[in-house]
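The residues making up each chain are set out below.
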Amino acid sequence: MVELLARRPDGTSVEHLLKDLAATNSISWSRARNTVAKLISYGLFETDDRSLVRLASAERMDAPRWIAERIVAEFTALLTKAEAWSCIGRDPATGDLTIDAMTLPPMRDGLSMWLTDFAIARRVAVQRRFWTVSSDHNDAFLTGARDANKKTLRRAKSAERLAADLARQAEAGAAAEVWVVQYERERLSGHPLQDQIRRVSEDDVSAGYDIVSFASVHSIRHDRFIEVKSHGERKVFHWSRNEIATAVEFGEDYALYLVDRDRCEQAGYLPHMITGPTPEMFALPDSGWRVEATSFEHVAISD
């Protein structure tokens, strides 16, 4: 289409353009018409009051790349929530970004076909579930994920969260949070969004967790929400009603990190990490935890 319009700088009708295209290509009439409409929406084609269509700029000679950039922009705009980015991940073997065709959001105008037609993503076979994102577009997808993570929705604030405010003001708790951020960045060394591992407690003490991170180097959306508890020789800590409610809501994406403030600076020290902690704390028999109101103490189990 671009080549045909380049030969007609004064423009032509859509019908004449489609007839010329049909004479040299096997594209269906409906798909060709949808293509014209999409390229008009992208701004590559323009129309006038006489319903003639022409190239918007004769200088756009690298049309495929120019179109591909707008396809990526349209696609990432569909992923309006961080949760929607679960269709994008990283291949455990290669580290390449991939698109999971089974979890794609609803799309119109054949956008999913454009992703592969313009080599934005490659699939080895039609039935292949995971498509490999071209390295040329990695940065655009990572930028989209980064922006979505910044907008991660939290539950509305409530009076019940006020109890957590005092605990997070403690100097030992703040120091433990700083330590956990560094620990997570070392654990996820090489992650492309490593700088998004950060404390949220500095900005929102009512979030129900202290740190946002990633479960593994293969995830590019925030999927580990960490509540940090500093303790001494005995593992005793206060877990507020709000934090427990957040843990229930987030399930396996929520984690308790219990940090021994007297040992955390020792080489090789590892925090006590509990992911999806509510079953262990409340449901599992012989878990080793003694519950007194919302305070928890880890008791060693003798043989």
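Residues numbered from 1 in each chain as written. Predicted model: local features only at pLDDT ≥ 70, side-chain atom pairs only at ≥ 80, totals over all residues. Heavy atoms only, no water.

1. Notes on the packing of helix α3 (residues 29-42) against helix α4 (residues 63-78)
Moving on, step 1. In the contact formed by α3 and α4, the axes pass within 11 Å of each other and the chain directions differ by 85 degrees. Viewed along their axes, α3 and α4 adopt a mutual orientation that is roughly perpendicular. Contacts between α3 and α4 involve Lys-38, Leu-39 and Tyr-42 from the first element and Trp-66, Ile-67, Arg-70, Ile-71 and Glu-74 from the second.
Moving on, step 2. Considered class by class, the residues forming the contact of α3 with α4 number five nonpolar, no polar and three charged. (Axes fitted to C-alpha atoms, helices over the stretch in contact; angles between N-to-C directions. Helix = DSSP H or I, 4+ residues; strand = E, 2+ residues; numbered from the N terminus. Parallel < 35°, antiparallel > 145°, perpendicular 65-115°, else oblique. Contact = heavy atoms within 4.5 Å. Nonpolar A, V, L, I, M, F, W, Y, C, P; charged D, E, K, R; others polar.)

2. Overview of the pairing of strand β3 (residues 52-55)
Moving on, step 1. Sheet analysis places strand β1 (residues 12-13) next to β3, joined by two bridges and oriented antiparallel. Across the sheet, residue Thr-12 finds its bridge partner in β3, namely Val-53.
Moving on, step 2. Strand direction decides the pairing type here: strand β2 (residues 45-47) and β3, joined by three bridges, are antiparallel. Note that in β3 the partner of Glu-46 across the bridge is Arg-54. (Pairing = 2+ DSSP bridges.)

3. Examining the confidence of the model for the protein
Moving on, step 1. The share of residues in the protein with pLDDT of 70 or more is 87%, and the mean pLDDT across the chain is 83.
Moving on, step 2. When mean pLDDT is compared element by element in the protein, strand β9 (residues 211-213) scores highest at 97, while helix α7 (residues 162-168) scores lowest at 50. (pLDDT = per-residue confidence, 0-100.)

4. Looking at the packing of aromatic side chains
Moving on, step 1. Within the structure shown, the criterion is met by 10 aromatic pairs.
Moving on, step 2. Relative to Tyr-257, the ring of Tyr-183 has its centre 6.4 Å away and its plane inclined at 80 degrees; by these criteria the two rings are edge-to-face. With a gap of 74 residues between them, Tyr-183 in helix α8 (residues 171-187) and Tyr-257 in strand β12 (residues 254-260) connect regions that are remote in the sequence. By the burial criterion, Tyr-183 is buried, and Tyr-257 matches it.
Moving on, step 3. Consider the rings of Trp-239 and Tyr-254, whose centres lie 6.4 Å apart with planes at 35 degrees: the pair is tilted. Taken as a pair, Trp-239 in the loop between β11 (236-238) and α9 (241-250) and Tyr-254 in strand β12 lie far apart in primary sequence, 15 residues in all. Across this residue pair, the class does not change: Trp-239 and Tyr-254 are buried.
Moving on, step 4. Feature note: the residues Trp-179, Tyr-183, Tyr-257 and Tyr-269 constitute an aromatic cluster, connected by ring pairs.
Moving on, step 5. The positively charged end of Lys-38 is found above the aromatic ring belonging to Trp-114, 5.7 Å away from the centroid.
Moving on, step 6. The cationic tip of Arg-70 hangs over the ring face of Trp-66; the distance from NZ or CZ to the ring centre is 3.6 Å. (Phe/Tyr/Trp six-rings, centres within 6.5 Å; stacked < 30°, edge-to-face > 60°. Buried < 20%, exposed > 50% of the residue type's maximum accessible area, 1.4 Å probe, protein only. Lys NZ or Arg CZ within 6 Å of the ring centre and 35° of its normal.)

5. Examining the environment of Asp-223
Moving on, step 1. For Asp-223, the position within the fold is in the loop between β9 and β10 (224-231).
Moving on, step 2. Between the C-alpha atoms of Asp-223 and Ser-213, which are 10 residues apart in sequence, the distance is 6.6 Å.
Moving on, step 3. Leave out the neighbours within four places in its chain, and Asp-223 touches Ser-213, Phe-214, Ala-215 and Asp-253.

6. Some words on the nonpolar core
Moving on, step 1. Within the largest apolar cluster, 44 residues are counted, with the highest numbers of intra-cluster contacts made by Phe-45, Phe-75, Ile-88, Ile-99 and Phe-141.
Moving on, step 2. Ranked by residues supplied to this core, first place goes to α4 with seven residues.
Moving on, step 3. In contact with Ile-88, not counting residues within four places along its chain, are Phe-75, Leu-79, Thr-98, Ile-99, Phe-141 and Ile-220.
Moving on, step 4. If you look at the next biggest cluster of nonpolar residues, it comprises 16 residues, including Ala-207, Tyr-209, Ile-244 and Phe-250. (Core = buried A, V, L, I, M, F, W, Y, C linked by side-chain atoms within 4.5 Å.)

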